[in-house]
Amino acid sequence: MKAIKIGVLTIAAFILINNQYSVASVQPGVPNIKASIARGKELYLLQCLACHQIDGGGVPHLNAPLDGSANVKGKDKAMLIKIVLNGLKGAEIEGESYSNVMASHKDLTDQQIADILTYVRNAWSNKASQVTVAEVKAVRAKLK
Amino acid sequence: MKKLVSLSLIAIAILAMNFTSLLAADSTRTSKLTIVKPDADNAGLKLPVGFGALKVADNLGKTRHLVVNAQGDIYTKIMGKVGSEKGIIKLHDVNGDGKAEEITSFGNYGGTGIAIKNGYLYASSDVEVFRYKLNEKEDVIDSKQPERIITGLKKGNQHETKSIALDNDGNIYVNIGAYSNSCQIEDRTKGSLGKMPCPILDSAGGIWQFKANMLNQSYPQGIRYATGLRNVVGLDWNSQLNQLFVMQHGRDQLHDLFPDLYDDKASAEKPAETMYAIKKGTNAGWPYIYYDPSMNKKIVAPEYGGDGKKESTDPAFSDPAIAFPAHMAPNGLLFYTGNQFPDKYKNGAFIAFHGSWNRAPLPQEGYFVVFVPFENGKPTGKWEVFANGFSGVEVVTGTRGAAHRPCGLAQGPDGSLYVSDDSKGTIYRIIYQKETK
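Residues numbered from 1 in each chain as written. Chains lettered and ligands numbered in written order. Predicted model: local features only at pLDDT ≥ 70, side-chain atom pairs only at ≥ 80, totals over all residues. Heavy atoms only, no water.

A. Molecular detail of the overall build of chain A. Across its full length, chain A carries 7 helices and 2 strands. Sequence-ordered secondary structure for chain A, helices as α and strands as β, is α-α-α-α-α-β-β-α-α. Buried positions account for 44% of the 144 residues belonging to chain A. Accessible surface computed for chain A: about 7700 Å², of which carbon and sulfur atoms make up 62%. (Helix = DSSP H or I, 4+ residues; strand = E, 2+ residues; numbered from the N terminus. Buried < 20%, exposed > 50% of the residue type's maximum accessible area, 1.4 Å probe, protein only. Areas by Shrake-Rupley, 256 points an atom, 1.4 Å probe, with all protein chains shown as cover.)

Shown next as structure tokens:
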């Protein structure tokens, strides 16, 4: 029971700290990677956390991990943007298949998708270049 | 040859030892294998006083359900993509120490369900069910040519595994999980409403009954025995009550999908995981309702006009026999009929909870085996954690952090309880050691 409380506290603290980040004023559209990561983290907690988990580790056999994934850290940013816009199911990722369905998140703005992807590419053990609004815009235009 | 001879000599010696201890044992408790000793650390498990545990085998892959034959050999079903002849693993304890020294495998399909009944081993893929004839020692006679008894079952991108149970009248029950979270027009999409009526229920989201001995059956030969069950992984036939019991996995993501009605804490704690005592025609109500574990009520799902509080008054929907905290994922159900454990366990239910993922940002829960006492054919409601410690950590924040995840349950001929873990492929055996007087 105590352990649960501590866990909740840690997470609460985590969210608090996180909220402070988002206060930092950066004009949208300006490719400031730090601010983008901070905004992306907040969006991740709302949109992706349930399935991909707080540590980005996913759920074995169910939801793909984002932490450590070659795709997530990779050069093909258009593919990542497409996954967020269209959702994904029945795909095989690094030899594993996952028994869940990722819904489309096309209602997110270009800025939000750029921020979330910039976050997941730089969270946990990941380190990769930023995803920009222009890149998201380009992929979205092609899908239409 | 020499090796074989000496092995069988050892086996005979062990048998002899076994006999002496058998003779010394309490005469009301039969067929004890008293030379099996728990591991020094009880295989990492926390158990009630008097119980011990050992690892029978390790690193077997995604070991889902399992069954133990009359000789104490274990058959366990492997999920997902499997290599050639790697779909079912057989574990044989050569020297009687409880550890499997001989590990063999057969079958070219991945799956979850496995059971033994009336001289056959039954095993399922995600679309079919096969059976293998057993000899008098309950060993598979021909592992290459099983009979296909059921085929063409629905399989989507979620809840695709098929669990099986058999009754004593020649029927087999198969879970066909709903290939959806809550039958939304757009699955798992924020604000999307439910399809009315939910079309999935015609061929999934329930339990189908087939004949255990008829070849190549599909939907036309089967009966939709129970409906409104989103996904069942753990199920068992209760021979004492002559009735099927199932464990439903409750729906996910109330907060993600309807953030105005549920905050993340409500979503972490709703809905309940539920046990149903099934009668022919039982309707558990998915996707139209869910069971709220704090209100102890059937609540209208937000996809079907619910507001988080509105109670369902539809008489078609059954109440659960017992409800458990949300999202813990009950993957194994077993009614204990053995004589090894103390009397309180007899005819009660063990449930293997796989452990949650859908409680974030709260810590994850489950990853344990619980015991549910039964009285007069009903759960007393006072369930308790029986075996814990599978995850290897105090708090599981992300599901990946759990080292082992309980999945299947089986009872050995001596009354030992077996638990499979589909994360690392560990098979546990839990034994009761006599009270030290």
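B. Representation of the pattern of salt bridges in the model. All names here are of chain A. All chains considered together, the criterion is met by 25 salt bridges over all chains. Where K137 meets D110, a salt bridge forms, and the shortest distance between an N and an O atom there is 3.9 Å. In this pair, K137 sits in helix α7 (residues 133-143) while D110 sits in helix α6 (residues 110-120), placing the two residues 27 residues apart along the sequence. Looking at K137, the relative accessible area reads 48%, which means it is partly exposed. Taken together, the shared-partner salt bridges in this structure form one network comprising D110, K137 and R140. (Salt bridge = Lys/Arg side-chain N within 4 Å of Asp/Glu carboxyl O.)

C. Structural detail: the interface of chain A and chain B. Listed per partner, the contact involves 31 residues of chain A and 28 residues of chain B. When chain A packs against chain B, close to 2500 Å² is buried across both sides, 56% of that on carbon and sulfur atoms. For the pair chain A and chain B, the interface holds 3 salt bridges. One salt bridge connects K62 of chain B with E96 of chain A, and the closest N-O pair in it is separated by 3.3 Å. Those elements that place two or more of their residues in the side of chain A that touches chain B are α1 (2-23), α2 (33-47) and α3 (49-52) of chain A. In terms of residues, the side of chain A that touches chain B owes the most to one element, α1 of chain A, which gives 5 residues. (Contact = heavy atoms within 4.5 Å. Buried area = accessible area lost by both parts, 1.4 Å probe.)

D. Layout of the confidence of the model for chain B. Residue and element names in this part refer to chain B. Per-residue confidence for chain B averages 92 on the pLDDT scale, and 92% of its residues sit at or above 70. Predicted confidence is poor over residues 1-34, with pLDDT under 50, and the contacts of this stretch with residues over four places away or in other chains come to 25 contacts. On the interface metric, ipTM, the complex scores 0.83, and its pTM is 0.89. (pLDDT = per-residue confidence, 0-100.)

E. Molecular detail of the nonpolar core. All names here are of chain B. Within the largest apolar cluster, 28 residues are counted, with the highest numbers of intra-cluster contacts made by Y122, I150, I172 and C198. Counting residues per element, the ones that place at least two in this core are β7 (120-124), β9 (147-150), β10 (164-166), β11 (171-176) and β12 (206-211). Top element by residues in this core is β11. It accounts for 3 residues. When sequence neighbours within four positions are dropped, the list of residues in contact with Y122 reads G113, I114, A115, K117, F130, R131, I149, I164, L166, I172 and A212. (Core = buried A, V, L, I, M, F, W, Y, C linked by side-chain atoms within 4.5 Å.)

F. Spotlight on the sheet that holds strand β8 (residues 129-133) of chain B. Residues and elements named next belong to chain B. Read from one edge of the open sheet, 4 strands run β6-β7-β8-β9, paired in antiparallel fashion. Lying at the two open borders of the sheet, with one neighbouring strand each, are β6 (114-117) and β9. Across the sheet, the axes of successive neighbouring strands diverge by a mean angle of 30°, strand direction being ignored. (Pairing = 2+ DSSP bridges. Axes fitted to C-alpha atoms, helices over the stretch in contact; angles between N-to-C directions.)

G. Quick look at unusual backbone geometry. All names here are of chain B. Looking along the chain, the bond that leaves W286 and enters P287 is cis, with omega of 0°. Tracing the sequence through the fold places P287 in the loop between β17 (282-283) and β18 (289-292). The omega torsion across A360 and P361 is 10°, close enough to zero to call that bond cis. Inspection of the secondary structure puts P361 in the loop between β22 (349-353) and β23 (368-372). Phi at N118 takes a positive value of approximately 45°, unusual for a residue other than glycine. In this structure, N118 sits in the loop between β6 and β7. For N118, a relative accessible area of 67% gives the class exposed.

H. Structural view of the sheet that holds strand β3 (residues 74-78) of chain B. All names here are of chain B. Strand order across the open sheet formed by 4 strands is β2-β3-β4-β5, with antiparallel pairing between neighbours. Of all the strands in the sheet, just β2 (63-68) and β5 (102-106) have a single pairing partner and so form its edges. Taken over all neighbouring pairs, the strand axes of this sheet differ in orientation by 25° on average, direction set aside. In the sheet, strand β4 (residues 88-92) pairs with β5 via 5 bridges, with the strands oriented antiparallel. Each residue of the ladder has a partner; that of H92, found in β5, is E102.

I. Summary view of the state of the cysteines. Residue and element names in this part refer to chain B. Tallying each qualifying case throughout the model produces 1 disulfide over all chains. Between the sulfur of C183 and that of C198 lies a disulfide, 2.2 Å long from S to S. The S-S bond linking C183 to C198 shows a torsion near 90°; that makes this disulfide right-handed. Remark: C198 occurs in the loop between β11 and β12 and C183 occurs in the loop between β11 and β12; sequence separation between them is 15 residues. (Disulfide = S-S within 2.5 Å.)

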